[in-house]
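Coordinate analysis (summary)
Here are the chains, one letter per residue:
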Amino acid sequence: MRIILSDFMSLDGVVQAPGGRKEDTDGGFAHGGWSMPYFDVDAMGSVIDEVMAETEALLFGRRTWQGMAGAWPGRAGDPFADRMNEIPKFVVSRTLTQDDLTWSGSTLLPADDAIGAIRELRARDGKGLQVMGSPSLAAQLVEHDLVDEYRLMIEPILLGGGKRLFPLDGRARPLELVATSTAGTGVLICTYRPASG
């Protein structure tokens, strides 16, 4: 399976709380919901649908899973919501138990070796294993060279601080731009893969 990071990102690399004011206020983050004015249903919605069509399962960190689990079950009847509710979901958390995972299709990965469990998932035959949000988890996946594709929607806003996807370990990781398009709202929709060789 290919691991695909899928994120809304500010021009200065912030991915924290794109969808709602109270989504994630860690570190005093005061710009929750920053992404919503830039959402172009035609350009961005079609890319999100395309990625979901390539996705066999979702992989979440605790906070993102909790936000999604609080939102999607109540939206049943919409095709995207139905897909979110039926697709298998893997969760990385040191604090949740399997009994806490009430959203259908959710499975807790072992807290003592989540990266090892993710390596095993990635080694399975299949399509995409998509990571939505989950910046702490995403940074660990990048650090361990487990990301096969980045689907980034880079939005025309500077947020000045907040959670980012990429590890600050001083290591260069060359990428290849595979596809790009521009939404009417000025969002750059970019697909990157690790550069070969």
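This text gives an overview of the structure that appears in the document. All residue numbers here refer to positions counted from 1 along the written sequence of the relevant chain. With the structure being a predicted model, the display of local features is reserved for residues of pLDDT at least 70 and the display and counting of side-chain atom pairs for 80 or more, all residues being used for whole-chain, interface and lining totals. Hydrogens and waters are ignored; side-chain quantities use all the structure's heavy atoms.

A few words on helix 4 (residues 114-123). For helix 4, the set of buried residues is A114, I115, G116, A117, I118 and L121. Contacts are residue-level and defined by heavy atoms, with any inter-residue pair within 4.5 Å sufficient. Each helix is a run of H or I in the DSSP string that is no shorter than four residues. Each strand is a run of E no shorter than two, and both are numbered from the N terminus. For helix 4, the elements touching its buried residues are strand 1 (2-10), strand 2 (55-61), strand 3 (89-92), strand 5 (128-132) and helix 5 (135-143). Burial here depends on accessible area, computed with a 1.4 Å probe over protein chains only, as a share of the maximum for the residue type. Under 20% is buried, over 50% is exposed, and the range in between is partly exposed.

A word on the packing of aromatic side chains. Each aromatic pair joins two rings of Phe, Tyr and Trp (for Trp, the six-membered one) with centres within 6.5 Å, and gets the label stacked for planes under 30 degrees apart, edge-to-face for over 60, and tilted for any other angle. Across all of its chains, the model carries five aromatic pairs by this definition. With 6.4 Å between their ring centres and 50° between their planes, W65 and W103 make a pair best called tilted. Taken as a pair, W65 in helix 2 (residues 62-71) and W103 in the loop between strand 3 and strand 4 (106-108) lie far apart in primary sequence, 38 residues in all. Of the residues examined, W65 reaches a relative accessible area of 4% and is grouped as buried. Note that R75 overlies the ring of W72, its terminal NZ or CZ placed 4.6 Å from the centroid. Two limits define a charge over a ring: the Lys NZ or Arg CZ must be within 6 Å of the ring centre, and within 35 degrees of the ring normal.

Salt bridges are defined by distance alone: a side-chain nitrogen of Lys or Arg within 4 Å of a carboxyl oxygen of Asp or Glu. Tallying each qualifying case throughout the model produces 14 salt bridges. Its salt-bridge partner being E86, residue R83 comes within 2.6 Å of it at the nearest N-O pair. Remark: E86 and R83 occur in helix 3 (residues 79-86); sequence separation between them is three residues, near one turn of the helix. Of the residues examined, R83 reaches a relative accessible area of 26% and is grouped as partly exposed.

A large share of strand 2 lies buried, amounting to six of its seven residues. In short, DSSP must find at least two bridges between two strands for them to pair. Alignment of strand 2 against strand 5, held across four bridges, turns out to be parallel. If you follow L59 over to strand 5, its bridge partner there is V131. Pairing of strand 2 with strand 3 involves four bridges; the strand directions are parallel. Across the sheet, the residue bridging to L58 is K89, located in strand 3.

Attention now goes to the sheet that holds strand 8 (residues 188-194). Spatially, eight strands are ordered 4-3-2-5-1-6-8-7 in an open sheet, and the strand pairing comes out mixed. For this open sheet the edge positions go to strand 4 and strand 7 (175-182), each flanked by a neighbour on one side alone. On average, each strand axis in the sheet is tilted by 25° relative to the strand beside it, whichever way the strands run. Bridge count for strand 1 against strand 5 is five bridges, and the pairing is parallel. Bridge assignment links I4 to a residue of strand 5, and that residue is Q130. Docked against the sheet, helix 3 engages strand 2, strand 3 and strand 5, running at close to 60° with respect to strand 3. The axes are straight lines fitted to the C-alpha atoms, using for helices just the contacting stretch, and the angles between their N-to-C directions are given from 0 to 180°.

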